[in-house]
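Structure at a glance
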Amino acid sequence: MTATAAAAEALREQLLGRIRDVPDYPQPGVMFKDITPLLADPDAFNALVDALAVLCARHGATKVAGLEARGFILAAPAAARAHLGFVPVRKAGKLPGATLSQRYELEYGSAEIEVQQDALAAGDRVLVIDDVLATGGTAEASLELIRRTGAEVAGVAVLLELGFLGGRERLSTVLAGAPLDALIIV
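Everything in this summary refers to the structure shown in the same document. Every value quoted in this text rests on a predicted model; they were computed, and no experiment measured them. (Residues numbered from 1 in each chain as written. Predicted model: local features only at pLDDT ≥ 70, side-chain atom pairs only at ≥ 80, totals over all residues. Heavy atoms only, no water.)

Take the pattern of salt bridges next. Charged atoms that come close allow side chains of opposite charge to pair. On inspection of all chains with the given rule, the structure shows twelve salt bridges. The partner of glutamate 140 in a salt bridge is arginine 170, with the nearest N and O atoms 2.9 Å apart. Within this pair, whereas glutamate 140 is found in helix 5 (residues 137-148), its partner arginine 170 is found in helix 6 (residues 167-175), the two being separated by 30 residues in sequence. Classification of glutamate 140 as buried rests on a relative accessible area of 19%. In this structure arginine 170 comes out as partly exposed when scored by relative accessible area, which is 31%. (Salt bridge = Lys/Arg side-chain N within 4 Å of Asp/Glu carboxyl O. Helix = DSSP H or I, 4+ residues; strand = E, 2+ residues; numbered from the N terminus. Buried < 20%, exposed > 50% of the residue type's maximum accessible area, 1.4 Å probe, protein only.)

Printed below as a string of structure tokens:
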């Protein structure tokens, strides 16, 4: 194992050891991945923020977009650590001023996300950060929304990818060659 692979595995184990499984939440049959213990552990949380900031630099990001809601918790400190601006991607109706919106389909209906119209511009390279990649619907909508502003997608980074839900496959086309980094895949 190379030093880089060993460091990635050590980070994975540190982070995974702080994620708690909560059975049957928010509904029966769902195994919720609770990142709250990771956020409460200063060593693990800082290691996570450092890793995300490294990805910002590696992918040449000029801005970081965080997806509502837990994506904000990870993206904002990563952007600050990387000395980049942070742009919240929110549920419809939560942002003041002129916004652009993107509707997308969920397993049980539809949803809509927004970004402020002047938050991104041509020439921006945006790294999208979220806590979990599940089915990929929100991430897919955010990439389409970012491109509609004229900005370029630098990539997507997530703490945890639930590989069995197919989000990576769903994003493969819309990523258009941009990288998808998951620090942990289960």
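It is worth spelling out the packing of helix 3 (residues 42-58) against helix 4 (residues 70-81) at this point. Interhelical geometry of helix 3 versus helix 4 gives an angle of 65 degrees and a closest axis separation of 8 Å. Crossing of helix 3 against helix 4: the hand is right-handed. For the pair helix 3 and helix 4, the contacting residues are Phe45, Asn46, Leu48, Val49, Asp50, Leu52 and Ala53 in the first and Ile73, Leu74, Pro77, Ala78 and Arg81 in the second. When grouped by side-chain class, the residues that make up the contact of helix 3 with helix 4 number nine nonpolar, one polar and two charged. (Axes fitted to C-alpha atoms, helices over the stretch in contact; angles between N-to-C directions. Left-handed = near helix turned anticlockwise from the far one by under 90°. Contact = heavy atoms within 4.5 Å. Nonpolar A, V, L, I, M, F, W, Y, C, P; charged D, E, K, R; others polar.)

Further remarks concern the pairing of strand 8 (residues 152-161). With nine of ten residues buried, strand 8 lies mostly within the body of the structure. As defined by bridge partners, strand 7 (residues 125-133) adjoins strand 8 across eight bridges and the pair is classed as parallel. For valine 126, the partnering residue across the bridge sits in strand 8 and is valine 153. Of the crossover connections in this fold, the one passing from strand 7 over helix 5 to the parallel strand 8 is right-handed. Pairing of strand 8 with strand 9 (residues 180-185), which is carried by five bridges, proceeds in the parallel orientation. Directly across from glutamate 161, in strand 9, lies its bridge partner isoleucine 185. (Pairing = 2+ DSSP bridges. Right-handed = clockwise from strand over helix to strand, strands pointing away.)

Over its twelve residues, helix 5 extends 17 Å from the first C-alpha to the last, a length consistent with the 16 Å expected when each residue adds 1.5 Å. Note on helix 5: the residue one or two positions beyond its end, glycine 150, has a positive phi of about 100 degrees. (Expected span 1.5 Å × (residues − 1).)

This next bit is on the pairing of strand 7. Most of strand 7 is tucked away, with eight of its nine residues classed as buried. Sheet topology note: the strand 3 (residues 63-67)/strand 7 ladder contains four bridges and is parallel. Each residue of the ladder has a partner; that of glycine 66, found in strand 7, is isoleucine 129.

With that settled, consider the packing of aromatic side chains. Aromatic ring pairs: the centre-centre distance and the angle between the two ring planes describe each pair. In the structure shown here, the tally under the stated rule is two aromatic pairs. Relative to phenylalanine 32, the ring of tyrosine 25 has its centre 5.1 Å away and its plane inclined at 80 degrees; by these criteria the two rings are edge-to-face. Judged by centre distance (6.0 Å) and plane angle (85 degrees), the rings of phenylalanine 72 and phenylalanine 86 are edge-to-face. Taken as a pair, phenylalanine 72 in helix 4 and phenylalanine 86 in strand 4 (residues 85-91) lie far apart in primary sequence, 14 residues in all. You can call phenylalanine 86 partly exposed: its relative accessible area is 31%. (Phe/Tyr/Trp six-rings, centres within 6.5 Å; stacked < 30°, edge-to-face > 60°.)

With 28 residues, the main nonpolar core has Val128, Leu143, Ile146, Val156, Leu171 and Leu175 as its most contacted residues. For this core, the secondary structure elements donating two or more residues are strand 3, strand 4, strand 5 (99-106), strand 6 (109-116), strand 7, helix 5, strand 8 and helix 6. Considering each element in turn, this core owes the most residues, five residues, to helix 5. For leucine 171, the contacting residues outside a window of four places in its chain are Leu133, Gly136, Ala139, Glu140, Leu143 and Leu180. With 27 residues, the next largest nonpolar core counts Leu15, Ala157, Leu162 and Ile184 among its residues. (Core = buried A, V, L, I, M, F, W, Y, C linked by side-chain atoms within 4.5 Å.)

Another point: the environment of leucine 160. Note on placement: leucine 160 falls in strand 8. Here leucine 160 falls in the buried class, since its relative accessible area comes to 1%. Beyond its immediate sequence surroundings of up to four residues, leucine 160 is in contact with Lys33, Asp131, Val132, Leu133, Ile184 and Val186.

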